[in-house]
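# Fold and contact review
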Amino acid sequence: MAGEPQDDCLFCKIVAGHVPATIVRESETTVAFRDINPQAPTHVLVIPKAHYPDAASLATAAPALAADVLRETQAVADEDKLDSYRVVFNTGGGAGQTVWHAHAHVIGGRGLQWPPG
Ligand code: 5GP
Ligand code: ZN
């Protein structure tokens, strides 16, 4: 069923506490933790606790939960005292998505180029 935990999903395992992560925030519906391979001084992943494979499927199936994820990106930025930051949802392998559990990258703490690579 949509949203149910997947046995083979790394981020579902982080939600369940079966894989350790440096958690920076947790809400009833979301978890935010530091990326294991940070690309900037702040590089935090915000995920819904429920499993959806990417951001668009999350927004389609559970729009309020998608909004929770977006709201948490600002809370992460506030926690790290960032005035500016970037939120990225890599979608599809060609765009660099490697984990098929929706996640927002919150990136900041250094100059950010636009357009991105
Ligand atoms: P994607 O490439 O799918 O947009 O983002 C997946 C992110 O998850 C990558 O930035 C990668 O560094 C991060 N990641 C992969 N495995 C782990 C892990 O075990 N723990 C944490 N904290 N991050 C991970
Ligand atoms: Zn998952």
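Look a little higher up for the structure.
The following paragraphs examine the structure supplied in this document. Note that this is a predicted model, so its numbers are computed, not measured.

### Some thoughts on unusual backbone geometry
That bond from Trp 114 to Pro 115 is cis: its omega, 5°, falls within 30 degrees of zero. By secondary structure assignment, the location of Pro 115 is in the segment after strand 5 (104-108). Even without being a glycine, Lys 81 presents a positive backbone phi close to 55°. The topology assignment puts Lys 81 in the loop between helix 3 (63-79) and strand 4 (86-88).

### So, the coordination of the zinc ion (ligand 2)
Around a metal, the perfect tetrahedron of four donors has angles of 109.5 degrees, and the perfect octahedron of six donors has angles of 90 or 180 degrees. Distances from the zinc ion (ligand 2) to its protein donors, Cys 9 (SG), Cys 12 (SG), His 51 (ND1) and His 101 (ND1), fall at 2.0 to 2.3 Å. Classification of the site at the zinc ion (ligand 2) as tetrahedral follows from its 4 donor atoms and the range of 107 to 115° in their angles at the metal. Counting gaps between the donor residues of the zinc ion (ligand 2) yields the pattern C-x2-C-x38-H-x49-H. Separated by 89 residues along the polypeptide, Cys 12 in helix 1 (residues 10-16) and His 101 in the loop between strand 4 and strand 5 bring together distant segments of the chain. Comparing Cys 12 with His 101 shows no difference in burial state: the two are buried.

### A few points about the nonpolar core
Within soluble globular proteins, side chains that are nonpolar generally end up buried alongside one another. In terms of nonpolar packing, the biggest core is built from 14 residues, with Val 46, Tyr 52, Leu 58, Leu 65 and Val 76 touching the most fellow members. It is helix 3 that provides the largest number of residues to this core, a total of 4 residues. Those residues in contact with Leu 58 that lie beyond four places of it in its chain are Pro 48, Tyr 52, Pro 63, Leu 65, Ala 66, Val 69 and Ala 102. Counting residues in hydrophobic clusters, the runner-up holds 9 residues, among them Val 31, Phe 33, Ile 47 and Val 99.

What counts, and at which threshold
Residues numbered from 1 in each chain as written. Chains lettered and ligands numbered in written order. Predicted model: local features only at pLDDT ≥ 70, side-chain atom pairs only at ≥ 80, totals over all residues. Heavy atoms only, no water. Helix = DSSP H or I, 4+ residues; strand = E, 2+ residues; numbered from the N terminus. Donors = N, O, S within 2.8 Å, 3.2 Å for Na, K, Ca; no water. Tetrahedral: all angles 85-135°; square planar, octahedral: opposite > 155°, others 65-115°. Buried < 20%, exposed > 50% of the residue type's maximum accessible area, 1.4 Å probe, protein only. Core = buried A, V, L, I, M, F, W, Y, C linked by side-chain atoms within 4.5 Å. Contact = heavy atoms within 4.5 Å.

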